[in-house]
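Next come the chains, spelled out residue by residue.
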Amino acid sequence: MIKLQNVYKEYQLDREVIFTALKNINFTVNQGEFSAIMGPSGSGKSTLMHIIGLLDKPTKGKVFINTKEILKLNDDELSTLRNEFVGFVFQQFNLIPKLTVEENILLPTIYARKNLSFDPAKKAREIMKKFGIDNKANSYPNKISGGQQQRVAIARALIMSPKLILADEPTGNLDTKTGDQIIDLLEDLNQNEKLTVLIVTHETNIAKKTKRIIKIKDGEIQT
Ligand SMILES: Nc1ncnc2c1ncn2[C@@H]1O[C@H](COP(=O)(O)OP(=O)(O)OP(=O)(O)O)[C@@H](O)[C@H]1O
Ligand SMILES: [Mg+2]
């Protein structure tokens, strides 16, 4: 579903110094996969996720989504595609403190430019119910637990029915038990909703629950 071809990500640090965060990445995300990305701090995991998730463009190389080459899309086309295709989940949850749980979940539907083919409020209620957070719909993020906040973040990632979920250390701020529940939830979405799920993690126990482990070191995928 997503293919990276000879992808480089370079940062100009100084006038003469270029730092290569990703080197010649050739990588395919297959529809329906449930995989982990592992590697030391600074190895390029988040950079890779940002490129796969269309948040960032490579400095060299090509990215295809299905058969569309993303460098050929303009910024509007790219953000529309991203909003419909990818849901992001982060270590720090990234919820908006001034919005309630329900309002946070509905946010991507407000950014959507097209008319939606579903009733956002109804769908938000269904997801909250499924995740056991429906009793927190009107609460603010600082009034609910970390595990609940991450469920809200996943609900927000799901509201537009994306094909792909990218989770960058989703359990990093959770205790082991809560973290395991979040991974089980992501696994359930993969198995029962046919979502493609990529998880960045430092934890071997979490990586072992996935079907494929991708290792990255110094900006290169290890084979
Ligand atoms: N905007 C930037 N400018 C310069 N260097 C950057 C920038 N963003 C990232 N880097 C560098 O690119 C490398 C990869 O960063 P990245 O965030 O992808 O690492 P990571 O594997 O996600 O690490 P962590 O496990 O700590 O989250 C790091 O060495 C980082 O310092
Ligand atoms: Mg990172």
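Our structure's up above, just so we're on the same page.
Residue positions are given per chain, counting from 1 as you read along its sequence in written order. Lettering of chains starts at A and numbering of ligands starts at 1, both following the order in which they are written. A pLDDT threshold of at least 70 governs which residues receive local features in this predicted model, and a stricter bar of 80 or more applies before side-chain atom pairs are shown or counted, although totals over entire chains, interfaces and linings include all residues. Hydrogens and waters are ignored; side-chain quantities use all the structure's heavy atoms.

Draft legend 1. Focus on the pattern of salt bridges. Salt bridges are identified by distance alone: a Lys or Arg side-chain nitrogen within 4 Å of an Asp or Glu carboxyl oxygen. Enumeration over the complete set of coordinates arrives at nine salt bridges. The shortest N-O distance in the salt bridge between E33 and R212 comes to 3.0 Å. Pair noted here: E33 is in the loop between strand 2 (18-29) and strand 3 (34-38) and R212 is in strand 9 (residues 212-217), with a separation of 179 residues, a long-range link. Exposure categories follow from relative accessible area, calculated using a 1.4 Å probe and restricted to protein chains: below 20% of the type maximum is buried, above 50% is exposed, and the middle band is partly exposed. Residue E33 is classed as buried on the basis of its relative accessible area of 9%. Relative accessible area serves as the criterion here: at 31%, R212 is assigned to the partly exposed category. Numbered from the N terminus, helices here are DSSP runs of H or I no shorter than four residues, and strands are runs of E no shorter than two.

Draft legend 2. Structural context of unusual backbone geometry. The backbone phi angle of F93 is positive, close to 65 degrees, even though this residue is not glycine. Along the chain, F93 falls in the loop between strand 6 (86-90) and helix 3 (101-111). The buried category is assigned to F93, whose relative accessible area is 9%. Its identity as a non-glycine residue notwithstanding, K194 has a phi of 60 degrees, on the positive side. Along the chain, the position of K194 falls in the loop between helix 6 (176-192) and strand 8 (196-200).

Draft legend 3. Representation of the nonpolar core in the model. Buried residues of nine kinds, namely Ala, Val, Leu, Ile, Met, Phe, Trp, Tyr and Cys, make up a nonpolar core once their side-chain atoms join them within 4.5 Å. By size, the foremost hydrophobic cluster in this structure holds 35 residues, and its most contacted members are I105, F131, I154, L158, I165 and L186. Counting residues per element, the ones that place at least two in this core are helix 3, helix 4 (120-130), helix 5 (146-158), strand 7 (164-168), helix 6 and strand 8. A total of six residues in this core trace back to one element, the largest contributor, which is helix 5. Whether two residues touch is decided by their heavy atoms; if any such pair falls within 4.5 Å, the residues are in contact. Not counting the four nearest positions on each side in its chain, F131 is found in contact with R151, I154, A155, L158 and L185. By size, the runner-up hydrophobic cluster in this structure holds 29 residues, among which are I2, L48, F85 and V200.

Draft legend 4. The arrangement of the side chain of E69 in detail. Tracing the backbone through its elements, the reader meets E69 in strand 5 (residues 68-69). Relative accessible area serves as the criterion here: at 13%, E69 is assigned to the buried category. Sequence-distant contacts of E69, defined by excluding residues within four places in its chain, comprise K62, V63 and F64.

Draft legend 5. Representation of the environment of I183. With respect to the element layout, I183 can be found in helix 6. As a C-alpha pair, I183 and T171 span twelve residues in sequence and 7.9 Å in three-dimensional space. Setting aside chain neighbours within four positions, we find I183 in contact with F34, P170, T171, I199, I206 and K209.

Draft legend 6. The pairing of strand 7, seen in detail. When you tally the buried positions in strand 7, you get five out of five residues, the bulk of the element. Neither face of strand 7 is exposed, since L164, L166 and D168 on one face and I165 and A167 on the opposite face are all buried. With five bridges connecting them, strand 6 and strand 7 associate as parallel partners. In the sheet register, V89 faces strand 7, and the bridge partner there is A167. Only strands that DSSP links by at least two bridges are regarded as paired with each other. For strand 7 and strand 8, the ladder comprises five bridges, and the chain directions are parallel. The residue bridging D168 from the neighbouring strand is V200, located in strand 8. This β-α-β element, strand 7 to helix 6 to strand 8, shows right-handed connectivity. By convention, a crossover is right-handed whenever its connection, traced from the first strand over the helix to the second and viewed with the strands pointing away, goes clockwise.

Draft legend 7. A look at the sheet that holds strand 8. Spatially, 6-7-8-3-9-10 is the arrangement adopted by the six strands of the open sheet, whose pairing is mixed. The sheet is open, and its two edges are formed by strand 6 and strand 10 (220-222), each paired on a single side. Sheet twist, expressed as the average angle between the axes of neighbouring strands with direction ignored, equals 25 degrees. Here an angle of 0 to 180 degrees is reported between the N-to-C directions of two axes, which are lines fitted to C-alpha atoms, with helices fitted over the stretch in contact. Here helix 2 (residues 75-85) sits on the sheet and contacts strand 6 and strand 7; the angle it forms with strand 6, its principal contact strand, is near 70 degrees.

Draft legend 8. Region of interest: the site of ligand 1. Nearness here has a simple test: a residue counts as near a molecule or strand if at least one of its heavy atoms is within 4 Å of that partner. Near ligand 1 you find 14 residues, and of these S41, G42, K45, S46 and T47 are the closest. Between ligand 1 and S46 there is a distance of 2.9 Å, counted from an oxygen atom to a side-chain nitrogen or oxygen. Here a polar contact means two N or O atoms within 3.5 Å. Within protein one must be a hydrogen donor candidate and the other an acceptor candidate, and residues neighboring in sequence count only if both atoms are side-chain atoms. T47 places a side-chain nitrogen or oxygen 2.5 Å from an oxygen atom of ligand 1. Using a 1.4 Å probe, the Shrake-Rupley method yields the accessible areas, and only the shown protein chains count as cover for residues. For ligand 1, whose free accessible area comes to 640 Å², the fraction covered by protein is 61%.

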